[in-house]
Amino acid sequence: MDKNYVVLPCNGLDKCAGCITREIALILKEKIFCEIICPVFYRVADARYNKLANENQLIVIDGCNTRCATRLASEKNLKVYKKVNVSEVAQKNNITLSKELKVGEDEKRVIEIIINELLQENQNTSKDLEIKFPETLDYEIYKKDKFIFRLPKNRFYFNENDCWVYVDGNLARIGVTDYVQQSLSDIMFFNPPTVGNEISQFDEVGTIESGKAVFEIISPVSGKIVRINEKLLESPEYINENPYEKGWIADIEISDFESDKMLLLTFDEYFEKMKRKVDEFHV
């Protein structure tokens, strides 16, 4: 899954539909590693859940037309990504829910329909937001003593903060340059941005850390984070190995690249700046 989700189910466990919402929430937690908001606890202590709901895509699951989960989200002024009503799904598929508080075969069918629709929707969205990044890159190389600094030539832009961006239509991939990884030496930690967050050009979008320093990754573009390089969570050293191909940071659905581009450097501009930095600081 490329987005981060949080699920708010209804608390109507006195009805079969409410029991189904609980099962759906538990399955989603297992399949997409999402957090579950407890509606009862949320009403009395909302600080933690407000943060979760505001930083992730919120899925609201109502059991019936009372829509208690939707009402709770409205009371808390939450932005809802997706709403599901169990009773409406059952009716649409000609399934009669049990009057007992248990999940039988018919109820399992409703659960399966809802889960499949949610997962399929995410897969379609992810496919639409798949960036076409080159399989191989053409690099210019600058050497200083034993160090080699590579910079990709085509369709890349850079900011003054030593971060790069590659643009493909309305999508962009960002990362840090060879100068950064050489300066930091062995990178040990990657603190990623949050998928779904709206960012502005020059906002911080995560950090990387070595034994030498913590480096703030500054976004070259504005837009919405749609994907992070999850491999870096376990293997941040990929940034040292290749910060452009294996060690990229995040994909962004860009909002206004023509405006952002005015404050970015071309390959030639950044290459000269990088050489001056290398020579001056004797990396």
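Note: the structure precedes this text.
Residues numbered from 1 in each chain as written. Predicted model: local features only at pLDDT ≥ 70, side-chain atom pairs only at ≥ 80, totals over all residues. Heavy atoms only, no water.

J.: Hey, could you run me through the pairing of strand β3 (residues 57-62) in this one?
T.: Two faces belong to every sheet, and in a regular strand the side chains alternate between them. Counting buried positions along β3 yields six of six residues, so the element is predominantly enclosed. A two-sided burial pattern is seen for β3, the buried positions comprising Gln57, Ile59 and Ile61 on one face and Leu58, Val60 and Asp62 on the other. Bridge count between strand β1 (residues 5-9) and β3: five bridges; the pairing is parallel. In the sheet register, proline 9 faces β3, and the bridge partner there is isoleucine 61. Pairing between β3 and strand β4 (residues 82-85): four bridges, direction parallel. Looking at the pairing, valine 60 lines up with lysine 83 of β4. Considered for its hand, the β-α-β crossover made up of β3, helix α4 (residues 68-75) and β4 is right-handed. (Buried < 20%, exposed > 50% of the residue type's maximum accessible area, 1.4 Å probe, protein only. Helix = DSSP H or I, 4+ residues; strand = E, 2+ residues; numbered from the N terminus. Pairing = 2+ DSSP bridges. Right-handed = clockwise from strand over helix to strand, strands pointing away.)

J.: Quick question: what am I supposed to make of the sheet that holds strand β10 (residues 187-191) here?
T.: The strands making up a sheet are joined through hydrogen bonds of the backbone, oriented either antiparallel or parallel. Taken together, three strands build an open sheet; the order of strands is β10-β12-β13 and the sheet is antiparallel. Both edges of this open sheet fall to β10 and β13 (214-218), since each of them pairs with a single strand only. Strand-to-strand, the axes of this sheet are offset by a mean angle of 25°, without reference to chain direction. As paired strands, β10 and strand β12 (residues 204-210) are joined by four bridges and run antiparallel to one another. Pairing of phenylalanine 189 across the sheet is with glutamate 209, part of β12. (Axes fitted to C-alpha atoms, helices over the stretch in contact; angles between N-to-C directions.)

J.: What exactly am I supposed to notice about the packing of aromatic side chains here?
T.: For any pair of aromatic rings, the description rests on two quantities: the centre-to-centre distance and the angle between the ring planes. In the structure shown here, the tally under the stated rule is 15 aromatic pairs. An angle of 45° between the planes, with centres 5.7 Å apart, marks the rings of tyrosine 139 and tyrosine 244 as tilted. In this pair, tyrosine 139 is assigned in strand β5 (residues 139-144) and tyrosine 244 in the loop between α9 (238-241) and β15 (250-254), connecting sequence segments 105 residues apart. For tyrosine 244, a relative accessible area of 0% gives the class buried. On the basis of an interplanar angle of 20° and a centroid distance of 5.5 Å, the ring pair of phenylalanine 267 and phenylalanine 271 is categorised as stacked. Pair noted here: phenylalanine 267 and phenylalanine 271 are both in helix α11 (residues 267-281), with a separation of four residues, about one helical turn. Accessibility expressed as a relative area gives 9% for phenylalanine 271, which makes it buried. Counting every residue linked through ring pairs, the aromatic cluster contains Phe133, Tyr139, Phe156, Trp164, Tyr166 and Tyr244. Directly above the aromatic system of tyrosine 42 lies the positively charged group of lysine 76, at a separation of 5.0 Å from the ring centroid. The positively charged end of arginine 150 is found above the aromatic ring belonging to tyrosine 139, 4.7 Å away from the centroid. (Phe/Tyr/Trp six-rings, centres within 6.5 Å; stacked < 30°, edge-to-face > 60°. Lys NZ or Arg CZ within 6 Å of the ring centre and 35° of its normal.)

J.: Would you mind showing me how to read the environment of asparagine 242 here?
T.: Within the secondary structure layout, asparagine 242 lies in the loop between α9 and β15. According to the relative accessible area criterion, asparagine 242 is buried, its value standing at 9%. C-alpha separation for the pair asparagine 242 and aspartate 178, spaced 64 residues apart in sequence, amounts to 7.7 Å. Beyond its immediate sequence surroundings of up to four residues, asparagine 242 is in contact with Tyr139, Arg150 and Gly247. (Contact = heavy atoms within 4.5 Å.)

This is a description of form; function is not addressed.
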